[in-house]
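# Tertiary structure, described
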Amino acid sequence: MKSPLVVFDLDGTLLDTHADLVESLNHTIAALELAPVNYSDLTYLVGNGAQVMIERACKLRGYILKSEELPTLLQRFIAHYIETMPGLTQPYPGLLAALDALRAQGYKFAVCTNKMESLARILLERLGLTHYFEAITGGDTFTVRKPNAEHLIGTVERAGGDLRRTVMIGDSINDILVARNAGVPSIAVPFGYSDVSVDTLGPNRVITHYDELTPALVRDLLAA
Ligand SMILES: O=C(O)COP(=O)(O)O
Ligand SMILES: [Mg+2]
């Protein structure tokens, strides 16, 4: 039988990326002389990748981006973000202890993020976390991305897992929806980037700290 798999979203779930996202995003929109965004704006901006984040930040500042302006801005964001990473980004409290405890019981892990795969890989590598994950997929890995079920299904395949023995954990609507669309139980965390309270998204469970992500919890969700 295949090992049980826990699939993690990245921004706002595994890692608190807010300070660096704000900084690189503000560097990007400064090229248009737009006023900076702040941390609380991220709940609306993050969750669909860098391109959407830039588009929404411009909209928030009353500027409707022309499609031909986007590639240059995206490159500006990517260059700044790569140079900064890992910056102030850190795993959320208790994450590493939870991963170690689950791993000791035979659980495997993967990352399913709408961040670009290359950025996710660089960030996890610079934080020394890559070794935890059997697979890392991003918003540009497949032809579709979260909340499309195929993003999660493809991630589980690459990780050598079994969809029937998989749990998804995330901070926003796309994570709960991708789990539902793929028929996988979900756990929501309230400390990331959701503009609505995560319990209204309909996850199977909400945990407020990683000390609640125990082998017993994952086992219960898989058994249900
Ligand atoms: O970068 C984003 O906008 C979203 O990233 P996430 O899917 O890891 O939350
Ligand atoms: Mg997220």
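Residues numbered from 1 in each chain as written. Chains lettered and ligands numbered in written order. Predicted model: local features only at pLDDT ≥ 70, side-chain atom pairs only at ≥ 80, totals over all residues. Heavy atoms only, no water.

### Side note on the nonpolar core
Side chains of a nonpolar character, in soluble globular proteins, are inclined to be buried together. Residues Phe8, Phe133 and Leu213 are the most contacted members of the largest nonpolar core, which totals 54 residues. Element by element, the count of residues in this core is highest for helix H4 (residues 70–84), at six residues. For this core, the domains that each give at least three residues are domain 1 (5–16 + 90–223) and domain 2 (18–84). Cys112, Ala135, Ala159 and Ala179 belong to the second-largest nonpolar core, a separate cluster that totals 14 residues. (Core = buried A, V, L, I, M, F, W, Y, C linked by side-chain atoms within 4.5 Å. Buried < 20%, exposed > 50% of the residue type's maximum accessible area, 1.4 Å probe, protein only. Helix = DSSP H or I, 4+ residues; strand = E, 2+ residues; numbered from the N terminus. Domains from an automatic or database assignment.)

### Description of the packing of aromatic side chains
For the coordinates displayed, the defined rule picks out seven aromatic pairs. Seen from their ring centres, Tyr92 and Phe191 are 4.4 Å apart, and the 35° between their planes marks the pair as tilted. In this pair, Tyr92 is assigned in the loop between strand S3 (90–91) and helix H5 (95–104) and Phe191 in the loop between strand S7 (186–188) and strand S8 (205–206), connecting sequence segments 99 residues apart. Put simply, the rings of Phe8, Tyr92, Phe109, Tyr132, Phe133, Phe191 and Tyr210 pair up and form one aromatic cluster. (Phe/Tyr/Trp six-rings, centres within 6.5 Å; stacked < 30°, edge-to-face > 60°.)

### Notes on the sheet that holds strand S6 (residues 166–170)
Reading across from one edge, S5-S4-S1-S6-S7-S8 is the order of the six strands in this open sheet, with parallel pairing throughout. Bordering the open sheet on either side are strand S5 (133–137) and S8, each of which pairs with just one other strand. One ladder, built from four bridges, connects strand S1 (residues 5–8) with S6; its direction is parallel. Paired with Phe8 across the strands is Ile169, a residue of S6. Those strands touched by helix H9 (residues 215–223) are S1, S6, S7 and S8, and its axis lies near 120° from that of S6. (Pairing = 2+ DSSP bridges. Contact = heavy atoms within 4.5 Å. Axes fitted to C-alpha atoms, helices over the stretch in contact; angles between N-to-C directions.)

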